[in-house]
Amino acid sequence: MLVENNVALEPYNSFHIVAKAQTLIRVRREADVVEVLADPVLGPAPKFVLGGGSNIVLTGDVKVVTLKVEIMGRRLVAEDDKAWIVEAGAGESWHAVVDWTLAQGWPGLENLALIPGTLGAAPVQNIGAYGLELQDRFESLDAIDLQTGRAFTLNATQCGFAYRDSVFKHGPATGASADRNHLGLKDRALITRVRLRLPKVWKPDLGYLDLQRKQAETGITEPTPRQIFDWVCEIRRAKLPDPAVIGNAGSFFKNPTVTPEQCADIIAREPNIVHYPMPDGTVKLAAGWLIDACGWKGKSIGQAGVYEKQALVLVNRGGAATQAPAGATGGEVMTLARAIQTSVYERFGIRLEPEPVVI
């Protein structure tokens, strides 16, 4: 295993926040994790698992042991009449895997194109976009227990997927709820490989208005998976800043869900609010619209700002990525986030929940 000390984390977080890892270990094979856990000093120490760094806000130097996952590899592991099962290492780029599957003639991930981050982080967040979530294509994953060193495999049910949620974001429950959530794996598991089930009977998912607009613009009524991939990339690039140019962590807040009665009450006061009825009877509200309605688009606190083209995205207005002398701190990002939460709650009575993990 490769152990490094006082490693700059600015290149390893998409917000480009300046911070250091006191101890960083590059995990390039499962055996590296076993070796870390067997070490008399590193083994008992608290650990932080780092993937692509696209969904974190660093508020200071990381003093715990940082395990940077760099396990690579892609392959077809199984095939039947209904689907292809593909597997890739947790360190692989998510977008690169989506592109690769389409190049092999295995559609199904095209709506999730250009989502930043690594494959290993995708189940943690249950990533989703344009009508599709990871859980819709998930088969299973391999992981290692960071307390016992035991390797284990989880299926979709065991991962406990929900909207931008999974067992990897929760600790073990105690008391009366212990039986319902005994598999909480927050800070306990390092995902090594992920398998995806890609359907052989493919049909396009074009339910989102942006994709329907692309259909109208191009006149293509029956797009191929690659055309949908290209459309999604174009839409995302038009709306979202490139982290290589402007530091950000993508959508900063989850879209909140409310009851139909709550939605009707808000519509009575705000007729133009963007909302989407959900299959379970709830209504999802567009967090970006709520933030914009509160006047935050383009505003800043220090070097942390709200992106001018999409209020759901918080950005770093300084730092190396922008050629400015000083970038945003994690504290500035979180101060801005809390101010936005307060504004939205005071106006709409809705509490916005951040998507990124705050370190």
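Not measured: the values here are computed from a predicted model.

### Some remarks on the side chain of R195
One can find R195 in strand β12 (residues 189-199). Taking relative accessible area as the criterion, R195 reaches 11% and is therefore assigned buried. One polar contact links R195 to E87, side chain to side chain, over a distance of 2.7 Å. Dropping the residues within four chain positions of it, R195 is found in contact with V77, I85, V86, E87, F138, E139, S140, L141, D142 and T153.

### Quick look at the environment of P271
Relative to the elements of secondary structure, P271 occurs in the loop between α7 (260-269) and β15 (275-277). Among the residues examined, P271 registers a relative accessible area of 58% and is labelled exposed. The spacing of P271 and P243 is 28 residues in sequence and 34 Å in space, taken between C-alpha atoms.

### As for the packing of aromatic side chains
Within this structure, the stated rule accounts for eight aromatic pairs. Centroid distance F138 to F161: 5.1 Å. Interplanar angle 80°. Geometry classified as edge-to-face. Residue F138 is found in strand β10 (residues 138-145), and its partner F161 is found in the loop between α4 (156-159) and β12; the two are separated by 23 residues along the sequence. Ring centres of Y208 and Y276 lie 5.9 Å apart, and the angle between their planes is 25°; this geometry places the pair in the stacked category.

### Details of the domain arrangement of the chain
Parsing the chain into structural domains produces domain 1 (3-69), domain 2 (74-238) and domain 3 (241-358). One C-alpha centre belongs to domain 1, the other to domain 2, and the line joining them spans 24 Å. In this complex, domain 1 contributes eleven residues to the contact, which on the side of domain 2 involves 15 residues. Contact with domain 2 buries surface across domain 1, with E30, L37 and V69 losing the most and accounting together for 42% of the total. At the junction of domain 1 and domain 2, the tally comes to one salt bridge. Notably, a salt bridge pairs R193 with E30, separated by 2.9 Å at the nearest N-O pair. At the junction of domain 1 with domain 2, the criterion picks out three residue pairs in polar contact (both at pLDDT 80 or more). Among the secondary structure elements, those contributing two or more residues to the side of domain 1 that touches domain 2 are α1 (30-38) and β5 (62-69). Top contributing element to the side of domain 1 that touches domain 2 by residue count: α1, with three residues.

### Thoughts on the environment of A189
With respect to the helices and strands, the residue A189 is situated in strand β12. Each C-alpha atom, one on A189 and one on R150, is 9.7 Å from the other, the two residues being 39 residues apart in sequence. The residues touching A189, leaving out its near neighbours within four places in the chain, are V49, A143, I144, L146, F152 and F168.

### Concerning the sheet that holds strand β3 (residues 47-50)
In spatial order, the strands read β1-β2-β5-β3; together these four strands make up an open sheet with mixed pairing. Of all strands in the sheet, those bounded by a partner on one side alone are β1 (2-8) and β3. Taking the axes of each pair of neighbouring strands and ignoring which way they run, one obtains an average angle of 30° across the sheet. Inspection of the sheet shows β3 paired to β5 by four bridges, in the parallel sense. In the sheet register, F48 faces β5, and the bridge partner there is T66. Where α1 meets the sheet, its contacts fall on β2 (20-27), β3 and β5, and the angle it forms with β2 comes to roughly 130°.

Parameters and conventions
Residues numbered from 1 in each chain as written. Predicted model: local features only at pLDDT ≥ 70, side-chain atom pairs only at ≥ 80, totals over all residues. Heavy atoms only, no water. Helix = DSSP H or I, 4+ residues; strand = E, 2+ residues; numbered from the N terminus. Buried < 20%, exposed > 50% of the residue type's maximum accessible area, 1.4 Å probe, protein only. Polar contact = N/O pair within 3.5 Å; in protein donor to acceptor, adjacent residues only side chain to side chain. Contact = heavy atoms within 4.5 Å. Phe/Tyr/Trp six-rings, centres within 6.5 Å; stacked < 30°, edge-to-face > 60°. Domains from an automatic or database assignment. Buried area = accessible area lost by both parts, 1.4 Å probe. Salt bridge = Lys/Arg side-chain N within 4 Å of Asp/Glu carboxyl O. Pairing = 2+ DSSP bridges. Axes fitted to C-alpha atoms, helices over the stretch in contact; angles between N-to-C directions.

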